[in-house]
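# Fold and contact review
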Amino acid sequence: MKKLQQAADTKANRELQSEAIIRLSGVGKWYGQFQVLRDIDLAVRKGERIVVCGPSGSGKSTMIRCINRLEEHQQGKIVVDGIELNSNIRNIDEIRKEVGMVFQHFNLFPHLTILQNCTLAPIWVRHMRKSDAEKVAMHYLERVKIPEQANKYPGQLSGGQQQRVAIARALCMNPKIMLFDEPTSALDPEMVKEVLDTMVSLAEEGMTMLCVTHEMGFARQVADRVIFMDAGQIVETNSPEQFFNNPRHDRSKLFLKQLLH
Amino acid sequence: MLYSFEFGDVIEAWPALVSGAANTLWLSAVSVLLGVVVAASGATAKTLGSRAVRFLVDCYIELIRNTPFLVQVFLIFFGLPAIGLKMSPNVAAVTAMVVNFAAYGIEIIRAGIESIPKGQIDAGKALGLGPFKIFRLVVFKPALQAVYPALTSQMILLMLNSSICSAIAATELTAVAGDIQSRTFRSFEVYSVVTAMYFGLSIFFWCVFAAVNSMLFKAGPRGAAR
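So, here is what we can say about the structure in this document. Given the structure is predicted, the values throughout are model-derived calculations rather than measurements. (Residues numbered from 1 in each chain as written. Chains lettered and ligands numbered in written order. Predicted model: local features only at pLDDT ≥ 70, side-chain atom pairs only at ≥ 80, totals over all residues. Heavy atoms only, no water.)

The next subject is the packing of aromatic side chains. Two measures describe an aromatic ring pair: the distance that separates the ring centres and the angle between the ring planes. In total, this model carries 14 aromatic pairs over all chains according to the counting rule given. Centre to centre, the rings of B:F205 and B:F209 are 5.9 Å apart; their planes meet at 50 degrees, and the pair counts as tilted. With B:F205 and B:F209 both in helix α10 (residues 187–216) and four residues apart, the pair spans about one turn of that helix. Residue B:F205 is classed as buried on the basis of its relative accessible area, which comes to 6%. Taken together through their ring pairs, the aromatic side chains of A:F228, A:F243, A:F244 and A:F255 make up a single cluster. (Phe/Tyr/Trp six-rings, centres within 6.5 Å; stacked < 30°, edge-to-face > 60°. Helix = DSSP H or I, 4+ residues; strand = E, 2+ residues; numbered from the N terminus. Buried < 20%, exposed > 50% of the residue type's maximum accessible area, 1.4 Å probe, protein only.)

Structure follows, in structure tokens:
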């Protein structure tokens, strides 16, 4: 029975691999002697929404930072949108153009206005005309519901507003994939909702999303799959319903128990 | 112990003092502008350059910071003509001030660059910007803002140090003062007035720096957004 299940899993995995927009195979990474990622296999389909959770230090952030080469992997293979990530700078640039990222601490550029934050990359990377870039930026600022803040500086906005700007800034590059690295962890509780609402609406439009988050409500609502990591490994991959109601692994059970307390 | 002040000679020499102060002002202003350009280029080279480039910049910084300014002035004015580079006292003074200021300026700006949180660079990379664009568009201005007070202090110091250039007869304020006191022997009066004039020049420079600060760095303190 177990063998049959395994065979089915492998077949499903193979099908997934063929249409995957992100593919990690046997990825490993070390900080000095310490191994942070161990043999990570993951395939993400176009339009799929994946939530990555796990205890701190489990390698979740490192894994998604490897996908746009903010961290370098030392073993295995990462292919994003058909391009392999290696030391070829042209490949890295191509991938970064197509992969948007939202950070825990927003990382907006404090010396630029909100509008300039949003137009910087379209102008300098996509070589758009300033007026066109501004049109695109205003479109996305309207989508995250803060067009009226366009001429302010990041320091004048609340945390929630800053994070929504960060999402708009990433969307201005018209990415195929969005990575979220604990986007709500640095926010006051009352600001979490406004950011999550933005992410939910993005998910509903079919964006391929990989979110490191502990917002389990969000995971239930939008995730196609939940990935649980521990000690640099993917311990469990499951549907949100199965993961929350009937986790397979003891480590996931313990994590969920601690999260609910 | 009673000393009676006699300002008559100083008042008589007032036009010369004013022209000396004006010379100090423009020698310093030119040196500050050129110095900032050289310092910014040096800091850029030290951040983005190859190992060899960084080593050369380090050598320059250490050489200048560990030798007296007066000796540097003499080397440029008296030494360089030996290899065919002859300069007027004022040009030699500006050259010496630029070379001296830039060494300190590089280190100050580099400190600013290092103070930029790594997250800013990550954000630039994630948006697809290359290292040079990240440096120019993301790092440089906030770095300059972070060290602006230190940089302007160094600029004031440069203006005050211009007095040392009187040793090569650059026509700046201290040289003019020396001239007047050697004619009139009214040292106390002359140097009291010159002290007040340097103080006035410093206040003028601070006002200019404050205006530039509010013009360049509109975003205010950068603590709010990491």
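All names here are of chain A. Taken together, six strands build an open sheet; the order of strands is β6-β7-β8-β3-β9-β10 and the sheet is mixed. Of all the strands in the sheet, the pair left with one neighbour each is β6 (99–102) and β10 (233–238). Each neighbouring strand pair of the sheet contributes to a mean axis angle of 20 degrees, computed without reference to strand direction. Bridging between strand β7 (residues 177–181) and strand β8 (residues 208–212) involves five bridges; their strand directions are parallel. Bridged to F180 within β8 is C211. Where helix α7 (residues 189–204) meets the sheet, it contacts β3 (49–53), β7 and β8, and its direction lies at approximately 150 degrees from that of β8. Together, β3, β9 (225–230) and β10 form the strand contacts of helix α10 (residues 250–260), whose direction differs from that of β9 by roughly 100 degrees. (Pairing = 2+ DSSP bridges. Axes fitted to C-alpha atoms, helices over the stretch in contact; angles between N-to-C directions. Contact = heavy atoms within 4.5 Å.)

The buried count for helix α4 (residues 114–124) of chain A comes to eight of 11 residues, which makes it a mostly enclosed element. Of all the positions in α4(A), only A:I114, A:L115, A:N117, A:C118, A:T119, A:L120, A:A121 and A:P122 are classed as buried. Taken together, the buried residues of α4(A) touch α5 (130–143) and α6 (159–171) of chain A together with α7 (131–146) of chain B.

Residue and element names in this part refer to chain A. If you check the backbone angles, D81 has positive phi at about 50 degrees while not being a glycine. Counting through the fold element by element, D81 comes out in the loop between β4 (75–80) and β5 (83–84). Judged by its relative accessible area of 30%, D81 is partly exposed. Notably, H127 is not glycine yet its phi reads approximately 55 degrees, a positive angle. When you line up the elements, H127 lands in the loop between α4 and α5. Judged by relative accessible area, H127 falls into the exposed class, the value being 62%.

What follows deals with the pattern of salt bridges. Under the definition given, this model contains 25 salt bridges over all chains. A salt bridge links A:E48 to A:R45, with the shortest nitrogen-to-oxygen separation between them at 3.8 Å. Between A:K130 and A:E134 there is a salt bridge, with the nearest N and O atoms lying 3.9 Å from each other. With A:K130 and A:E134 both in helix α5 and four residues apart, this pair spans about one turn of that helix. Overall, A:E134 belongs to the partly exposed group, its relative accessible area being 27%. Residues participating in the shared-partner salt-bridge network are B:K46, B:D58, B:E62, B:R65, B:E107, B:R110 and B:E114. (Salt bridge = Lys/Arg side-chain N within 4 Å of Asp/Glu carboxyl O.)

Taken together, the contacts link 23 residues of chain B with 24 residues of chain A. Summed over both partners, the interface of chain B with chain A comes to about 2,200 Å²; 64% of that surface belongs to carbon and sulfur atoms. Connecting chain B to chain A are one salt bridge. When the shortest N-O distance is used, the salt bridge between A:R65 and B:D122 registers 3.0 Å. One can count five residue pairs in polar contact (both at pLDDT 80 or more) joining chain B with chain A. For the side of chain B that touches chain A, the elements supplying multiple residues, two or more each, are α6 (118–126) and α7 of chain B. Of the residues that constitute the side of chain B that touches chain A, the class distribution is 10 nonpolar, four polar and nine charged. (Buried area = accessible area lost by both parts, 1.4 Å probe. Polar contact = N/O pair within 3.5 Å; in protein donor to acceptor, adjacent residues only side chain to side chain. Nonpolar A, V, L, I, M, F, W, Y, C, P; charged D, E, K, R; others polar.)

Right, let's talk about the sheet that holds β4(A) for a bit. All names here are of chain A. Read across the sheet, four strands follow the order β2-β1-β4-β5 without closing on themselves; strand pairing throughout is antiparallel. Here the strands that pair on one side only, and so sit at the sheet edges, are β2 (34–45) and β5. Bridging between β4 and β5 involves two bridges; their strand directions are antiparallel. Bridge assignment links V80 to a residue of β5, and that residue is I83.

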